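# Overview (structure and organization)
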Amino acid sequence: MKTSMDFTKLVPFLLVFHLLNPTVVLPSSLSSSNGLPEIPKRFLDFAKRKELADWMVGIRRKIHENPELGYEEFETSKLIRSELDKLGIPYNYPVSVTGVVGFVGTGKPPFVAIRADMDALPIQEEVNWEHKSKIPGKMHACGHDAHVSMVLGAAKILKEQVEELKGTVVLVFQPAEEGGGGAKKMLDAGVLDEVDAIFGLHVWHENPIGTVASKPGPLLAGSGKFNAVISGRGGHAALPQHSIDPILAASNVIVSLQHLVSREADPLDSQVVTVAKFQGGNALNVIPDSVTIGGTFRAFSKASLIQLKQRIEAVIQGQAAVQRCNATVDFHYKQIPHYPPTVNNKDLHEHFRNVAAVMLGNDKVKDMKPLMGSEDFAFYQEAIPGYFFFLGMQDESSPKLSSVHSPNFIINEDVLPYGAALHASLAATHLLKAELKLPSTEGNLHEEL
């Protein structure tokens, strides 16, 4: 029996094993003398320093005061570029109208990306504080101002360690997450062409500060939108026999659409069809010529989304015809592509859990159930391995925070160092792992640089 192993075959295995083992000591000063766990811990300590924390707060407040909707984030982009200039970080601009893509590290492979969305929402802020939105009808009600500040904070942390980075971190500041499909446009622009993985996060009002939550596989649903015009023939409400009533037809359509989930979908395959718009008629005694309805549909697989889309169109047109009406259906796909499901890579899930557990503690890393919300981060995940997680910001000694997309939404600014440190740690440690798997790339500079 052969009882020994070729040592040369064992070395790569040991390197990878030790990289994932909390007791390993890496030679680089990035990991320090205490090993890989020191990276997340030191990065969090650095992010919590008053100078850096105050800097992130200041950036976040400037962005909050001047919210900009999708593809209008010109001042936000200008602020980002100004801060990158001060840090000496090169970048590309414009990308997909207002997007900015920065680079920290060697300019060579491996490449890993961290992402922040920049756009605000068409909501009138009702929170009265010193840095309330100065733009009527616009508000950062989903935390994107915090997301930008965190990635800039991560950039500052990484810049401090730039000589020790084992590759390049790509900083993706994207426009138009809120329904505009900004991630798809960034992807089409080639910003991830050489990138091996991408990480993204979202602040979350319900979870305690200092905790994170996510899961491998499907995390958020894919989604699409639809509008339909149901046309009949208007007339006097007292003489319905002389009209073709589109309101009755639209009412039947709405009831029938609910059967798509309750009667046609697998009960174990979560799906949603919601009609959220119904517009028709202005007078109480007049049957209108037409009615417009609209809504959203959601599912956790592309196959289910395609099936829902086909059936929504068929049901609307079929039920309208039963009532002698005509119907046209618009899914707005050319203007706003349907968002695919957000599906987390399983290997990156393990990487995330290891890094977050070292930084925050095992008890602060939570598994969560999938949500029916959607995220255009999913477009990145269709192209390369990606990972998305939620970062808690509820101070349990303070009043309960309002939900995202609420006019009363506020950010607990103590969350900013956590987001910055997690972004920086996930990226830096991923580069260390990837370095072991790459052949020599001397002289192979990233073409954007």
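By convention here, each chain's residues receive numbers from 1 onward along its written sequence. Where local features are concerned, this predicted model is filtered to residues with pLDDT of at least 70; where side-chain atom pairs are given and counted, the filter is 80 or more; whole-chain, interface and lining totals use all residues. Calculation of side-chain values draws on the structure's entire complement of heavy atoms; hydrogens and water are dropped beforehand.

### Quick look at the pattern of salt bridges
Side-chain pairs of opposite charge can arise where the charged atoms are in close proximity. We count a salt bridge whenever a side-chain nitrogen from Lys or Arg sits within 4 Å of a carboxyl oxygen from Asp or Glu. Applying the stated criterion across every chain yields a total of 14 salt bridges. The partner of Arg311 in a salt bridge is Glu264, and the shortest N-O contact between them spans 2.7 Å. Of this pair, Arg311 sits in helix α8 (residues 302-322) while Glu264 sits in helix α7 (residues 246-264), and the two are 47 residues apart along the sequence. The class for Arg311 is partly exposed, based on a relative accessible area of 28%. Elements are defined by DSSP. Helices are runs of H or I of four residues or more, strands are runs of E of two residues or more, and each kind is numbered from the N terminus. Only protein chains enter the accessibility calculation, which uses a 1.4 Å probe; a residue is then buried when its area is under 20% of its type maximum, exposed when over 50%, and partly exposed in between.

### Side note on the side chain of Asp117
Note on placement: Asp117 falls in strand β3 (residues 111-117). For this analysis, a polar contact is any N or O atom pair within 3.5 Å, provided that within protein one partner can donate a hydrogen and the other can accept it, and provided that sequence-adjacent residues contribute only side-chain to side-chain pairs. Polar contacts involving the side chain of Asp117 include one to the side chain of His144, which spans 3.2 Å. Residues contacting Asp117, with those up to four places away along its chain left out, are His144, His147, Val148, Gln174, Glu177 and Glu375. Only heavy atoms matter for contacts: two residues are in contact if any of them lie within 4.5 Å across the pair.

### Comments concerning a nonpolar patch on the surface
Patch members must show over 30% relative accessible area and no salt bridge, and they are joined within 9 Å when carrying like charges or within 5 Å when they are nonpolar side chains of Val, Leu, Ile, Met, Phe, Trp or Tyr. Methods summary: accessible areas were calculated by the Shrake-Rupley approach with a probe of 1.4 Å, and residue burial reflects only the protein chains presented. The grouping of Phe74, Tyr93 and Val97 at the surface amounts to a nonpolar patch, some 250 Å² of accessible area in total. Its place among the elements puts Tyr93 in strand β1 (residues 91-95).

### Re the UniProt feature "binding site: Mn(2+)" (unreviewed entry) in the protein
The positions that UniProt labels "binding site: Mn(2+)" (unreviewed entry) are, in the present scheme, Cys142, His144, Glu178, His202 and His405. What stands out for the annotated residues spanning 264 residues is how close their C-alpha atoms remain, the widest pair being 12.9 Å apart. Of the annotated set, the members that line the largest pocket are Cys142, Glu178, His202 and His405. Following the sequence through the fold, Cys142 ends up in the loop between β3 and α5 (144-160). The residues touching Cys142, leaving out its near neighbours within four places in the chain, are Leu121, His147, Glu178, His202, Val203, Val404, His405 and Phe409. Inspection of the secondary structure puts His405 in the loop between β16 (386-394) and α11 (416-435). UniProt positions are given in the numbering used here, feature names are shortened, and annotations may be inferred rather than shown by experiment. Here a cavity denotes a set of grid points, spaced 1 Å apart and computed over the protein atoms alone, in which a 1.4 Å probe fits but from which it cannot get out, and a pocket denotes an open set meeting protein on both sides within 12 Å along at least five of seven lines; residues with an atom within 4 Å of a point are reported as lining.

### Describing the layout of surface pockets
One simple way to see leftover space: roll a probe sized like a water molecule over the atoms. Grid points are joined across faces, edges and corners, and a volume is the space filled by probe spheres set on the points. Estimated volume of the largest pocket: approximately 570 Å³. If you go around the largest pocket, you meet 26 residues; those closest to its centre are Glu177, Glu178, Arg298, Ser374 and His405. Those elements that place two or more of their residues in the lining of the largest pocket are β5 (197-208), β8 (222-231), β12 (290-299) and β16. Looking at side-chain class alone, the lining of the largest pocket contains twelve nonpolar, nine polar and five charged residues. Side-chain classes are defined by residue name, with Ala, Val, Leu, Ile, Met, Phe, Trp, Tyr, Cys and Pro counting as nonpolar, Asp, Glu, Lys and Arg as charged, and the others, Gly among them, as polar.

### A few points about the environment of Asp85
Position of Asp85 relative to the elements: it lies in helix α4 (residues 74-87). Using a relative accessible area of 49% as the deciding quantity, one classes Asp85 as partly exposed. In this structure the side chain of Asp85 is engaged in a polar contact, spanning 3.1 Å, whose partner is the side chain of Tyr91.

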